[in-house]
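# Reading the structure
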Number of protein chains: 2
Amino acid sequence: MHIDDIDTPALVLDLDVCERNIRKFQRLFDEYGIGFRPHIKTHKIPELARWQVDAGAVGITCQKLGEVEVMANAGLDNILLYYNIVGEPKLERLCRLSHECDLTVTADTPVVTDAMGAAAVKQGAVINVLAELNSFIDRTGVPSVAELVNLARHIDRTPGLNLRGMATYPTSRQSADRIAEAVQAFDQAGLNREIVSGGGTPTAFEAEVVEGLTEHRAGTYIFMDRQCIDRGVATEADCALQVLTTVVSNPVSHRAIIDGGTKTFSADGDMPRGIVLDFPGAEIYQTNEEHGYLDIGNCDPKPSIGDRIRVIPNHVCVTVNLHNQVYGCRGNEVERVWPVAARGLVQ
Amino acid sequence: MHIDDIDTPALVLDLDVCERNIRKFQRLFDEYGIGFRPHIKTHKIPELARWQVDAGAVGITCQKLGEVEVMANAGLDNILLYYNIVGEPKLERLCRLSHECDLTVTADTPVVTDAMGAAAVKQGAVINVLAELNSFIDRTGVPSVAELVNLARHIDRTPGLNLRGMATYPTSRQSADRIAEAVQAFDQAGLNREIVSGGGTPTAFEAEVVEGLTEHRAGTYIFMDRQCIDRGVATEADCALQVLTTVVSNPVSHRAIIDGGTKTFSADGDMPRGIVLDFPGAEIYQTNEEHGYLDIGNCDPKPSIGDRIRVIPNHVCVTVNLHNQVYGCRGNEVERVWPVAARGLVQ
């Protein structure tokens, strides 16, 4: 199948660029001497996770249980689930998965770990846990190193649980001191810290300065996107995934309408809605559900109805989650069509 | 199944409220004497489309061919596809569908209608077409009534096409004069205008003042959402669909984290991200992909880990499109679980 035979809107993945991104980040962490654990929430495709592991990753990261199930069913192993798991139905699934693969989960409070321990004992499972520390984005994670140590001690003595260390997000120069302090406190308390897990694509290049880190998680790096370009960690040439659209209307000379809107791109990120390739000067200034508004006033030559417009999305992770499949291309040939296997699995 | 047995995050639909919305809007248009043609892009569920038709709708509206295929396969008929259809693969599907059901499509330029006519002749089909007029949102549609008449004349003499009238979006007091002018111009030119199609949920209550309108399209009305409340056309009690979430983290006293983010709610609309029910004063001030940040500083009582939080989303149409199923509830009992059959069908 030729790339021109793909109907639009569709996600087109440049496999050469994708493979280069996988190799580049793996090499970076190999040089640092830090284990690399790619986050599959970006692509949600088992075969790409396999490529990442084959390139040298220590394992993979998932954000939701449904993602773990898809990846484990596809034969992936050594999985970090970076999320507080709450409620009986999920705890049952977590215990079942703990029998099936090498799985570690994060937690940030005894309320969560107590329920996890009780479920594990009941189901004869052992659940590996990392205590989660907040590092400056003020989301999940205990707010101080003292509380982290208390939580880790609590996990350590909870039947059914196996403390493996700590995790935080994101890691950067800013969080280095706090992590060093946490590592020291774990050692003083005699707590297991075989895994000290950090994360983030934009801050991956700072991972080396975070002492004590044993692992790093990154997701977006495999595809890159406009937000990564804006953060200075990618160029357009690094962006492996593009949204392929078609001009469907051109009612006045300065406006063209493409067949993708927020149900194709998502509404993440500031305007413009992604980077328009091939037509310099053209800019997506607005989107409705199925329409993208292209300002072509400063564009020469201007696109016409039927022309294909490739767009680098603002935030590739949420874009992929909107689609049923990804077309993997080598040059102009479609080499693979992958279902986005874990699409929509938010539970 | 009891509503408390639904794992989260999930979409919970109050069937009583939904049925009331369907009846209310149908009655409104019955009183106006204008045909009502609900837009299924909001729910994407054939059984709900059937409810709308059974309540008295003249037919349904779709935005993408994939939606038409799902609805036609489920036995729905009399479908308006409000979109310019461009490219050979889609034209083939359009012709096939034109044999299978009563289908009408919009178009805003001879470039589009010529290709459509050629495909129809080749496949022995007749495609019903409405000429599209721009009415103040500056998206698709020809910019003037004079151009609309030229386009309609062109459609009228194109083999394979059957001109049925005109369409525009949105219709309101503001667009009433332009539509009246277009209707008059069609009559003077002797052009068929059996369908004059307007649309919009917020402006539905103004449809009566738009003279010449034979049909009105509305989608969001079936569920309503925060944007409709902000526009003054719905109350919280009219919002039939809620996102059911769980508090999974509570790292500090003023912040709780729920298990839904932009992959559950979408990023449409301004902050806060929807309306939090049950906990007055609580507000979602930020979302990542799988996390919602809840400010509970002014909340009394405050939610705890494990508590369920119901949220009215900002824009319900894009929210539904993110989910695999909707739980239809009567009171606290789950009466139906519907797959979102046309989810993700952007082609």
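Scroll up a little and you will see the structure.
Here is a short report on the structure shown in this document. (Residues numbered from 1 in each chain as written. Chains lettered and ligands numbered in written order. Predicted model: local features only at pLDDT ≥ 70, side-chain atom pairs only at ≥ 80, totals over all residues. Heavy atoms only, no water.)

## Considering the interface of chain A and chain B
Interfaces are frequently sized by the accessible area removed from exposure as the parts join. The partner chain B presents 62 residues to the 62 residues of chain A that form the contact. In total, about 4800 Å² of surface goes out of reach between chain A and chain B, with carbon and sulfur atoms giving 50% of it. Of all residues in chain A, the largest losses of buried area upon contact with chain B belong to A:Arg139, A:Lys263 and A:Glu290, amounting jointly to 13% of the total for that side. Across the contact surface, chain A and chain B share eight salt bridges. In this structure, the salt-bridge partner of A:Glu289 is B:Lys41, at a minimum N-O distance of 2.8 Å. (Contact = heavy atoms within 4.5 Å. Buried area = accessible area lost by both parts, 1.4 Å probe. Salt bridge = Lys/Arg side-chain N within 4 Å of Asp/Glu carboxyl O.)

## Section: the relation of the copies chain A and chain B
Rotating chain A by 180° and moving it 0.0 Å along the rotation axis overlays it on chain B with an RMSD of 0.0 Å. Viewed as a symmetry operation, the transformation between the two copies matches a two-fold axis. Among all residues of chain A, the minimum C-alpha distance to the rotation axis is found for A:Ala267, at 2.6 Å. Here 100% of the interface residues in chain A have copies in chain B that are interface residues too; the copies meet face to matching face. (Least-squares fit on C-alpha atoms with pLDDT ≥ 70 in both.)

## Considerations on the sheet that holds strand 4 (residues 79-81) of chain A
All names here are of chain A. Pairing in this open sheet of eight strands is parallel, and the strands run 2-9-8-7-6-5-4-3 from one edge to the other. Sheet topology places strand 2 (35-36) and strand 3 (60-62) at the edges, where each strand pairs with a single neighbour. Judged from the three bridges that link them, strand 4 and strand 5 (residues 103-107) form a sheet pairing that is parallel. Bridge assignment links Ile-79 to a residue of strand 5, and that residue is Leu-103. Running at roughly 165° to strand 7 (residues 161-169), helix 7 (residues 173-189) makes contact with strand 6 (127-134), strand 7 and strand 8 (195-199) of the sheet. (Pairing = 2+ DSSP bridges. Helix = DSSP H or I, 4+ residues; strand = E, 2+ residues; numbered from the N terminus. Axes fitted to C-alpha atoms, helices over the stretch in contact; angles between N-to-C directions.)

## Observations regarding the pattern of salt bridges
Applying the stated criterion across every chain yields a total of 38 salt bridges over all chains. A salt bridge links B:Asp7 to A:Lys90; its shortest N-O distance comes to 2.9 Å. With B:Asp7 in the segment before strand 1 (10-14) and A:Lys90 in helix 4 (residues 88-100), this pair bridges two chains. When sorted by exposure, B:Asp7 lands in the same class as A:Lys90, which is buried. Between A:Glu335 and A:Arg330 there is a salt bridge, with its nearest N and O atoms 2.9 Å apart. The class for A:Arg330 is partly exposed, based on a relative accessible area of 27%. Sharing partners across several salt bridges, the network here consists of A:Asp16, A:Glu19, A:Glu47, A:Arg330, A:Glu335 and A:Arg336. (Buried < 20%, exposed > 50% of the residue type's maximum accessible area, 1.4 Å probe, protein only.)

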